[in-house]
Amino acid sequence: MSNALLTVSGVVAGYRRDLPILHGISLEVHRGELVTIVGPNGAGKSTLIKAIAGLVPISEGRVELGGTDITSLATHKMGAASVAYVPQTDNVFTTLTIDENLRLGAAALPRSLAKDRIAQAYERFPALRDHRDRKARVLSGGQRQLLAFARSLLTEPALLMLDEPSAGLSPAAVSEVFGHLTDLSDDGITILMVEQNVKAALAISDRTYVFAEGENRIDGPSGVLADDPDMKAIYFGGTKRSTHAASAG
Ligand SMILES: Nc1ncnc2c1ncn2[C@@H]1O[C@H](COP(=O)(O)OP(=O)(O)OP(=O)(O)O)[C@@H](O)[C@H]1O
Ligand SMILES: [Mg+2]
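Note that the structure is a prediction, hence the values are computed from the model and not measured. (Residues numbered from 1 in each chain as written. Chains lettered and ligands numbered in written order. Predicted model: local features only at pLDDT ≥ 70, side-chain atom pairs only at ≥ 80, totals over all residues. Heavy atoms only, no water.)

Trainee: Explanation requested: the overall build of the protein in the structure shown.
Mentor: Tallying secondary structure elements over the protein gives nine helices and ten strands in all. At 18 Å, the protein has a C-alpha radius of gyration in line with the 18 Å of a compact globule built from 249 residues. Overall, the protein is about 55 × 40 × 35 Å in size when its C-alpha atoms are taken along their principal axes. Of all 249 residues assigned to the protein, the portion counted as buried reaches 46%. Accessible surface, the protein: about 12,000 Å² in total, of which carbon and sulfur atoms supply 51%. Taking the 25 positively charged and 28 negatively charged side chains of the protein as two groups, their mean positions are separated by 6 Å. (Helix = DSSP H or I, 4+ residues; strand = E, 2+ residues; numbered from the N terminus. Rg over C-alpha atoms; globule rule 2.2 N^0.38 Å. Buried < 20%, exposed > 50% of the residue type's maximum accessible area, 1.4 Å probe, protein only. Areas by Shrake-Rupley, 256 points an atom, 1.4 Å probe, with all protein chains shown as cover. Lys, Arg positive; Asp, Glu negative; His and termini not counted. Charge placed at Lys NZ, Arg CZ, Asp CG, Glu CD.)

Trainee: Would you take a moment to explain the pattern of salt bridges for this structure?
Mentor: Should the charged atoms of two oppositely charged side chains come close, the side chains can pair. For the coordinates displayed, the defined rule picks out nine salt bridges. Between R62 and E64 there is a salt bridge whose closest N-O contact spans 2.7 Å. Under the relative-accessibility criterion, R62 is labelled partly exposed at 36%. A salt bridge links R117 to E156, with the nearest nitrogen and oxygen atoms 3.4 Å apart. Highlighted residues: R117 in helix α3 (residues 111–124) and E156 in the loop between α5 (141–153) and β7 (159–163), separated in sequence by 39 residues. (Salt bridge = Lys/Arg side-chain N within 4 Å of Asp/Glu carboxyl O.)

Trainee: Looking at this structure, how should I read the packing of α5 against helix α6 (residues 171–186)?
Mentor: How two helices pack is summed up by the angle between their axes together with the distance between the axes. Following both chains from N to C, one finds α5 and α6 inclined at 20°, their axes separated by 9 Å at the closest point. Relative to α6, the element α5 is oriented roughly parallel. Crossing handedness for the pair α5 and α6: right-handed. Across the interface between the two elements, G142, Q145, L146, F149 and L153 of α5 pack against A173, E176, V177, H180, L181 and L184 of α6. Taken together, the residues of the contact of α5 with α6 break down into seven nonpolar, three polar and one charged. (Axes fitted to C-alpha atoms, helices over the stretch in contact; angles between N-to-C directions. Parallel < 35°, antiparallel > 145°, perpendicular 65-115°, else oblique. Left-handed = near helix turned anticlockwise from the far one by under 90°. Contact = heavy atoms within 4.5 Å. Nonpolar A, V, L, I, M, F, W, Y, C, P; charged D, E, K, R; others polar.)

This is the structure we're talking about:
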């Protein structure tokens, strides 16, 4: 068996059956890797993450987690080897405190395990412990992201999927959040994230996939892609590498 934790093969998916958004996406995330997906707006990045999480129907292809077929399986049915999905927005309960958010996130766990996991979360994210009785609404964007990470890690998912964790953050907050992601990755947590902040994402991730128009375009080690001229073509020229170069604008 390969070292792949997540294998996505030829996935066709969309919000309506007659209107696929993803036209045969394939990717792999190995255990312990931090993998980034980048690409222009509307490329299908969020759609893929949602399809893996079982929130968007898959009409063709296959998603495997640890060798088990989880194609179109609802997140709550994935069992122990599950994926956690942190959406781009609305990923915490703003009217609840940090502590209440964490207790709610651990509600499905036995009481003593929940207590341990919340203690671990505070150890990992000391800023959250310092503000534990503060409502999530008044937190900075960066702290709110950390709370969302902490909450999704409480159940110790096999894979953590993040949709644009740096969206809307100040440069200082981006550094803080990305620093925590590096730490999580160093601790062996497997992460698949979508990012618009291409430069910063390439700097912290092991490998990167570039999507455009619902298809794979380029992939490789992030350090190599950082210098790839095709990356620039996709971002600034909209150059199509496939044979069916369309006339549509
Ligand atoms: N809920 C939805 N219902 C129907 N179509 C949708 C829905 N969400 C997204 N789409 C469409 O799916 C396509 C891909 O969107 P998606 O959100 O996956 O792109 P993205 O790569 O995440 O872009 P962005 O960088 O803007 O977040 C777009 O054409 C979009 O309009
Ligand atoms: Mg998106």
